[in-house]
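# Topology and contacts: notes
Residue-level listing of the chains:
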Amino acid sequence: MKCPFCGEENTKVIDSRPADDNSSIRRRRKCEKCGKRFTTYEKLETIPLVIIKKDEAREPYDRSKIENGVFRSCIKRPVSVDQINALVDSVESAVFNLGEREVPSSLIGEILMNKLQELDQVAYVRFASVYREFKDVNTFMDEIKKLLDQQAN
């Protein structure tokens, strides 16, 4: 591992442990040349995942698309970056645990909305309004009524 500070090739692992989510290994390293310390995360490489879009087009899985959608729906909401990252990690784990090489984008959207609904209902409605392409206020109101009915039960 190259030192990010001086570019030296020789770095030494001084501590290694599972990361908080137990899906990666956190390693503290020290550069043999400049003596500075830095952290790396090691994650298991998974099989390439292909997403089947609504129009049946296929494209490689891109985590940043999920992150961007969640970030946009959580603007001005009391949701921390750590909570957003945990949600995206959770969605990603659920998708990869399906064990499929191709996954419809609609399935990813439904998994994401279920998890977002648990995190923040306003962010959920924002995301759903774009994802499900709400056409008018009545569709928006129907979704809010579903949320209120779920809370009542």
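Preceding this section is the structure that the text describes.
What comes next concerns the included structure. Predicted model only: the values in this text are computed from it and were never measured.

## Comments concerning the overall build of the chain
Each helix and strand counted, the chain has five helices and six strands in total. The secondary structure elements of the chain, listed N-terminal to C-terminal, are β-β-β-β-β-α-α-β-α-α-α. Computed over the C-alpha atoms, the radius of gyration of the chain is 20 Å, more than 25% above the 15 Å expected from 2.2 N^0.38 for a compact globule of 153 residues. Seen along its three principal axes, the alpha-carbon backbone of the chain occupies a region of about 65 × 35 × 25 Å. When burial is assessed residue by residue, the chain has 30% of its 153 residues classed as buried. Pairs at least 24 apart in sequence give 41% of the contacts found in the chain among residues at least 6 apart. Of the accessible surface of the chain, which amounts to about 10300 Å², a share of 49% is contributed by carbon and sulfur atoms. Side-chain charges of the chain comprise 27 positive and 26 negative groups, with the mean position of each set lying 7 Å from the other.

## Description of the nonpolar core
Proteins that are soluble and globular tend to have nonpolar side chains buried together. Of all hydrophobic cores here, the largest spans 26 residues; its most connected members are Ile66, Val70, Val91 and Leu116. Those elements giving two or more residues to this core turn out to be helix 1 (63–73), helix 2 (81–96), helix 3 (105–119) and helix 4 (121–131). With six residues, helix 4 is the largest single contributor of residues to this core. Sequence-distant contacts of Ile66, defined by excluding residues within four places in its chain, comprise Tyr61, Val88, Val91, Ile108 and Leu112.

## Brief notes about helix 3
Look at helix 3: 21 Å from first C-alpha to last across 15 residues, which is about the 21 Å you get at 1.5 Å a residue. Among all positions of helix 3, only Ser105, Ile108, Gly109, Ile111, Leu112, Met113, Leu116 and Gln117 are buried. Next to the buried residues of helix 3 lie strand 4 (50–52), helix 1, helix 2, strand 6 (102–104), helix 4 and helix 5 (137–152).

Reading guide: rules and limits
- Sequence order sets the numbering: in each chain, residues are counted from 1 along the sequence as written.
- Reporting of local features is limited, given that this is a predicted model, to residues whose pLDDT is at least 70; pairs of side-chain atoms are given and counted only at 80 or more, and all residues count toward the totals for whole chains, interfaces and linings.
- Calculation of side-chain values draws on the structure's entire complement of heavy atoms; hydrogens and water are dropped beforehand.
- Only DSSP runs of H or I reaching four residues or more are called helices, and only runs of E reaching two or more are called strands; each is numbered from the N terminus.
- Computation of the radius of gyration draws on C-alpha atoms alone. For the globule rule, the value is 2.2 Å times the number of residues to the power 0.38.
- Relative accessible area decides the class of each residue, using a 1.4 Å probe on protein chains only: under 20% of the type maximum gives buried, over 50% gives exposed, and in between gives partly exposed.
- Any two residues whose heavy atoms approach within 4.5 Å are treated as being in contact.
- The protein chains shown are the only cover counted for residues, whose accessible areas, like all others here, come from Shrake-Rupley with a 1.4 Å probe.
- In this count, Lys and Arg are taken as positive residues and Asp and Glu as negative ones, while His and the chain termini are left out.
- Here the site of a charge means NZ on Lys, CZ on Arg, CG on Asp, or CD on Glu.
- What makes a nonpolar core is a set of buried Ala, Val, Leu, Ile, Met, Phe, Trp, Tyr and Cys residues whose side-chain atoms join them at distances within 4.5 Å.
- Each residue after the first adds 1.5 Å to the expected span of a helix.

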